[in-house]
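Coordinates in review
The residues making up each chain are set out below.
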Amino acid sequence: MKSILRFFVKFTFGFILLSILWVLVYKWAAVPFTPLMVIRSISNKKHVAIKHQWVPLSKISKNLQLAVICSEDQKFIEHKGFDTQAIEKAITDHESGKQLRGASTISQQTAKNVFLWPQRNWIRKGLESYFTILIECFWSKERILEVYLNSIEMGDGIYGAQAASIFWFNKKPSNLTKSEASAIAAILPNPRKLIANPVSPYIRKRKKWIILQMYNYGTLVFKNK
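Remember, predicted model here, so these are calculated numbers, not experimental data.

A closer look at the overall build of the protein chain
Looking only at helices and strands, the protein chain has 10 helices and 3 strands in total. On the principal axes, the C-alpha backbone points of the protein chain span a range of 65 × 40 × 40 Å. Counting contacts in the protein chain only where the partners sit at least 6 residues apart, residues at least 24 apart contribute 71% of the total. By element, 63% of the accessible surface of the protein chain is carried by carbon and sulfur atoms, the whole surface being about 12,900 Å². Within the protein chain, one finds 33 positive and 14 negative side-chain charges whose respective centroids are separated by 5 Å.

Side note on the nonpolar core
Judged by nonpolar contacts, the single largest core of 51 residues is most densely connected at L64, F115, L145, L149 and I184. Where this core is concerned, the elements lending two or more residues are α3 (62-72), α5 (106-115), α6 (122-138), α7 (141-151), α8 (160-169), α9 (178-186) and α10 (201-217). Looking at this core, the element that brings in the most residues is α3, giving 6 residues. With sequence-adjacent residues up to four places away left out, F115 is seen in contact with W22, V23, Y26, P35, F131, I135 and W139.

Quick look at unusual backbone geometry
Here the amide bond leading from N197 into P198 is cis, since omega sits at 0°, within 30 degrees of zero. A positive phi is found at N170, a non-glycine position, where the angle reads about 55°. Mapped onto the fold, N170 is located in the loop between α8 and α9.

Quick notes on the environment of S165
As for its placement among the helices and strands, S165 is situated in helix α8. In sequence terms S165 and F115 are 50 residues apart; their C-alpha atoms lie 24 Å from each other. Once residues lying within four places of it in the same chain are set aside, the contact partners of S165 are N170, K171, K172, P173, L176 and I184. A distance of 2.7 Å separates a polar atom in the side chain of S165 from the backbone oxygen of A161.

Description of the packing of aromatic side chains
Tallying each qualifying case throughout the model produces 10 aromatic pairs. Their ring planes at 45° and their centres at 6.0 Å tell us that Y26 and F115 sit as a pair that is tilted. With Y26 in the loop between α1 (2-25) and α2 (35-43) and F115 in helix α5, the pair connects residues that are 89 residues apart, well separated along the chain. A single burial state applies to Y26 and to F115, both of which are buried. Members of the aromatic cluster, joined through ring pairs, are F15, W22, Y26, F115, Y130, F131 and W139. Over the aromatic face of F76 sits the side chain of K141, whose NZ or CZ is 4.6 Å from the ring centroid.

Overview of the side chain of Q65
Inspection of the secondary structure assignment puts Q65 in helix α3. Here I60 takes part through its backbone oxygen, which lies 2.9 Å from a polar atom of the side chain of Q65. With residues up to four places along the chain from it excluded, the contact list for Q65 reads L57, I60, L145, L149, L220 and F222.

Scoring rules and cut-offs
Residues numbered from 1 in each chain as written. Predicted model: local features only at pLDDT ≥ 70, side-chain atom pairs only at ≥ 80, totals over all residues. Heavy atoms only, no water. Helix = DSSP H or I, 4+ residues; strand = E, 2+ residues; numbered from the N terminus. Contact = heavy atoms within 4.5 Å. Areas by Shrake-Rupley, 256 points an atom, 1.4 Å probe, with all protein chains shown as cover. Lys, Arg positive; Asp, Glu negative; His and termini not counted. Charge placed at Lys NZ, Arg CZ, Asp CG, Glu CD. Core = buried A, V, L, I, M, F, W, Y, C linked by side-chain atoms within 4.5 Å. Buried < 20%, exposed > 50% of the residue type's maximum accessible area, 1.4 Å probe, protein only. Polar contact = N/O pair within 3.5 Å; in protein donor to acceptor, adjacent residues only side chain to side chain. Phe/Tyr/Trp six-rings, centres within 6.5 Å; stacked < 30°, edge-to-face > 60°. Lys NZ or Arg CZ within 6 Å of the ring centre and 35° of its normal.

What follows is the structure, given as structure tokens:
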């Protein structure tokens, strides 16, 4: 029992140390690829090439930054990684018989995309919460959004703002209009099946809602940590 306990303690300590170092490296370094990109590449039967190119947040339109916040996580600037109200509402809705819906914040999605695998289970969810706490502790909100916008899936084989902007609108992400940014944000719930351009009636409806949220939100201002 002592040897097992000793191994467990060493393993836990090693995992915590390595995970913190990993998070600290990505505090400054560009994320070259994500586990999802690797999984998609291996399992893709259509042989769709992965398109991904890192760009700094300063070269991503404020329109796209605001559009994804309004679409995915409107409390992103205020919360510490978890939207407790959204989680409680999701649980209440599920208990009342409604379909279980996600309540993941941008921070949680970033932790999952960069450090973990996509399948849902309790182990992954626990690790997702752990890495979410780490990035909220060691990264600024700007860095979390920067990594998110460079790693998220935005089409079949399309990852990040640079690739998505060129693929959908043939322009740099710094030049995206509100309409174009909202179209990209509108497909995020199912980016492999939904199309940002040309838009379907469903995406057009989502675009209008996102643009309205952008106007209601106002100017995107990051708080100093």
